[in-house]
Amino acid sequence: MDMKQTLKVKRKFSYVAILLVMMVVPFLAACGDDGDDQDVLTVTNDTGSRTLQRFRIVFLTGNGETLIDREYGTFSPGDRISAEIPIGAEEYYMATYLNAWYFSPNYPASITDNVLTYDGVGQWRSN
């Protein structure tokens with residue numbers, strides 16, 4: 001094999017190698033993200049001295065249908081709760097029991113950091 005033929009063979013292998021890399025890279029990129037990265041809602045009790053009993057977070061669809069209604073128990077001042085926002089949730093509200101049920105306003109699911117204050121919780125509506 002002379003020098004010209006050797007160069008032609010090397011070029012063909014170079015093209016094949018580049019082609020293989022171009023085919024493999026999108027596959028690897030697709031495998032890198034499995035789509036399980038859900039947003040997380042973080043709620044902090046910054047009410048001073050108000051301990052919230054039977055604290056709940058309820059996630060809703062755009063039609064107002066309940067996706068998840070989870071009770072977290074006692075929510076003491078300074079405590080923080082993290083909850084995965086379910087796929088399809090567009091809103092959420094919180095509730096607590098203080099001799100009656102009290103409900104927060106509905107918040108858009110895009111608000112992922114919510115700090116509860118004494119005055120704010122004091123204005124929640126009751127049933």
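About the thresholds
- Numbers given to residues run from 1 along each chain, matching the order in which its sequence is written.
- This being a predicted model, a pLDDT of at least 70 is required before a residue's local features are given, and a value of 80 or more before pairs of side-chain atoms are given or counted; all residues contribute to the totals for chains, interfaces and linings.
- For the side-chain quantities, the full set of heavy atoms in the structure was used; hydrogens and water were omitted.
- Working definition: helices are DSSP H or I runs of at least four residues, strands are E runs of at least two. Numbering for both runs from the N terminus.
- Only protein chains enter the accessibility calculation, which uses a 1.4 Å probe; a residue whose area is less than 20% of its type maximum is buried, one above 50% is exposed, and one in between is partly exposed.
- Only four residue types enter the charge count, namely Lys and Arg as positive and Asp and Glu as negative; His and the chain termini do not.
- Any carboxyl oxygen of Asp or Glu within 4 Å of a side-chain nitrogen of Lys or Arg constitutes a salt bridge here.
- Contact between two residues is taken to exist if any of their heavy atoms lie within 4.5 Å; hydrogens are not considered.
- Only rings of Phe, Tyr and Trp enter the pairing, Trp through its six-membered ring, and a pair is recorded when the two centres are within 6.5 Å. The plane angle decides the type: under 30 degrees is stacked, over 60 is edge-to-face, the rest tilted.
- Here, nonpolar core refers to any group of buried Ala, Val, Leu, Ile, Met, Phe, Trp, Tyr and Cys residues whose side-chain atoms link them within 4.5 Å.

Engineer: Honestly, the side chain of Arg50 in this entry has me stumped. Any pointers?
Structural biologist: Position of Arg50 among the secondary structure elements: in the loop between β1 (40–46) and β2 (52–60). The charged side chain of Arg50 is buried without a salt bridge, its nearest counter-charge being Asp119 at 7.6 Å. Filtering out sequence-adjacent residues up to four positions away, Arg50 remains in contact with Asn45, Phe75, Pro77, Tyr118, Val121 and Gly122.

Engineer: Can you help me understand the packing of aromatic side chains in this one?
Structural biologist: Aromatic rings considered in pairs are described by the distance between their centres and by the relative angle of their planes. Under the defined criterion, the tally for this structure stands at six aromatic pairs. When the ring of Phe55 is compared with that of Phe75, the centres are 4.6 Å apart and the planes differ by 40°; the resulting orientation is tilted. In this pair, Phe55 is assigned in strand β2 and Phe75 in strand β3 (residues 66–75), connecting sequence segments 20 residues apart. By relative accessible area, Phe55 is classed as buried at 0%. Classification of Phe75 as buried rests on a relative accessible area of 1%.

Engineer: Help me understand the pattern of salt bridges in this model?
Structural biologist: Close approach of charged atoms lets side chains of opposite charge pair. Under the definition given, this model contains two salt bridges. In this structure, the salt-bridge partner of Glu71 is Arg54, at a minimum N-O distance of 3.6 Å. Residue Glu71 is located in strand β3, and its partner Arg54 is located in strand β2; the two are separated by 17 residues in the primary sequence. Here Arg56 and Asp69 are joined by a salt bridge, their closest N and O atoms 2.6 Å apart. You can see Arg56 sitting in strand β2 and its partner Asp69 sitting in strand β3, a full 13 residues away along the chain.

Engineer: Explain the nonpolar core here, please?
Structural biologist: Across soluble globular proteins, you tend to see nonpolar side chains buried next to one another. Membership of the largest hydrophobic core comes to 17 residues, with the highest contact counts inside it found for Val43, Phe55, Ile57, Phe59, Met94 and Leu116. Those elements that provide at least two residues to this core are β1, β2, β4 (80–84) and β5 (91–97). Ranked by residue count, the leading element in this core is β2, at four residues. Contacts of Val43, omitting those with residues within four sequence positions, involve Phe55, Ile57, Phe75, Asp79, Arg80, Ile81, Met94, Asn114 and Leu116.

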